Amino acid sequence: QVQLVESGGGLVLPGGSLRLSCAASGSIVSINAMGWYRQAPGNQRELVATITNGGSTDYADSVKGRFTISRDNAKNTVYLQMNSLKREDTTVYYCNAKIRRLWSSPVRDYWGQGTQVTVSS
């Protein structure tokens, strides 16, 4: 019943910016962390940025200084502000959330369907 809905992807010029959003909905007791991952065809899915419910963040080295992750806990929403975009950033971005649905249930990973980001001139 948990659903992650992403938005904000699209086509931008090199050096441009995009802001991705992901909202979690459904039966949720708590969200321990949310984040963004990306995966190019034929490659492993890699971490872009994560944020815990306490506000601790982690970034991939390739995006440090360019991307900023933030979270609105009241709305169960995570954002990824992407600046100074490069052609190498072109791929599908996936929202991730570590969610406990019931007090008796373990924390599990949930994934959005992915949103395409294309950086091209």
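Structure first, text after, so check above.
Being a predicted model, the structure only gives us computed values, none of them experimental. (Residues numbered from 1 in each chain as written. Predicted model: local features only at pLDDT ≥ 70, side-chain atom pairs only at ≥ 80, totals over all residues. Heavy atoms only, no water.)

Burial within strand β8 (residues 77-82) is extensive, with five of its six residues counted as buried. The sheet contact formed by strand β3 (residues 18-25) and β8 spans six bridges and is antiparallel. In the strand pairing of β8, cysteine 22 is matched with valine 78. Alignment of strand β7 (residues 67-72) against β8, held across six bridges, turns out to be antiparallel. Paired with isoleucine 69 across the two strands is leucine 80, which belongs to β8. In this structure, the hairpin formed by β7 and β8 is closed by a connection of four residues, where asparagine 76 is found at a positive phi of approximately 50°. (Buried < 20%, exposed > 50% of the residue type's maximum accessible area, 1.4 Å probe, protein only. Helix = DSSP H or I, 4+ residues; strand = E, 2+ residues; numbered from the N terminus. Pairing = 2+ DSSP bridges.)

With that out of the way, let us pick up the state of the cysteines. Applying the stated criterion across every chain yields a total of one disulfide. Note on cysteine connectivity: cysteine 22 is disulfide-linked to cysteine 95, with sulfurs 2.0 Å apart. Given an S-S torsion of about -85°, the disulfide between cysteine 22 and cysteine 95 has left-handed geometry. Of the two residues, cysteine 22 sits in strand β3 while cysteine 95 sits in strand β9 (residues 91-100), which places them 73 residues apart along the sequence. (Disulfide = S-S within 2.5 Å.)

Turning to the sheet that holds β3, a few remarks are in order. The strand order across the open sheet formed by four strands is β1-β3-β8-β7, and the pairing between neighbours is antiparallel. In this open sheet, the two edge strands, each paired with only one partner strand, are β1 (3-7) and β7. Averaged over all adjacent pairs, the angle separating strand axes in this sheet is 15°, with direction ignored. (Axes fitted to C-alpha atoms, helices over the stretch in contact; angles between N-to-C directions.)

Here we come to the packing of aromatic side chains. Going through the model one piece at a time under the given rule, you end up with one aromatic pair. Relative to tryptophan 111, the ring of tyrosine 37 lies with its centre 5.1 Å away and its plane at 70°, an arrangement referred to as edge-to-face. Here tyrosine 37 is found in strand β4 (residues 30-39), whereas its partner tryptophan 111 is found in strand β10 (residues 108-111), with 74 residues between them in sequence. Take tyrosine 37: its relative accessible area is 15%, and that puts it in the buried class. Look at tryptophan 111 and you get partly exposed, because its relative accessible area is 37%. Sitting above the plane of the tyrosine 79 ring, arginine 19 keeps its charged end 4.1 Å from the centroid. (Phe/Tyr/Trp six-rings, centres within 6.5 Å; stacked < 30°, edge-to-face > 60°. Lys NZ or Arg CZ within 6 Å of the ring centre and 35° of its normal.)

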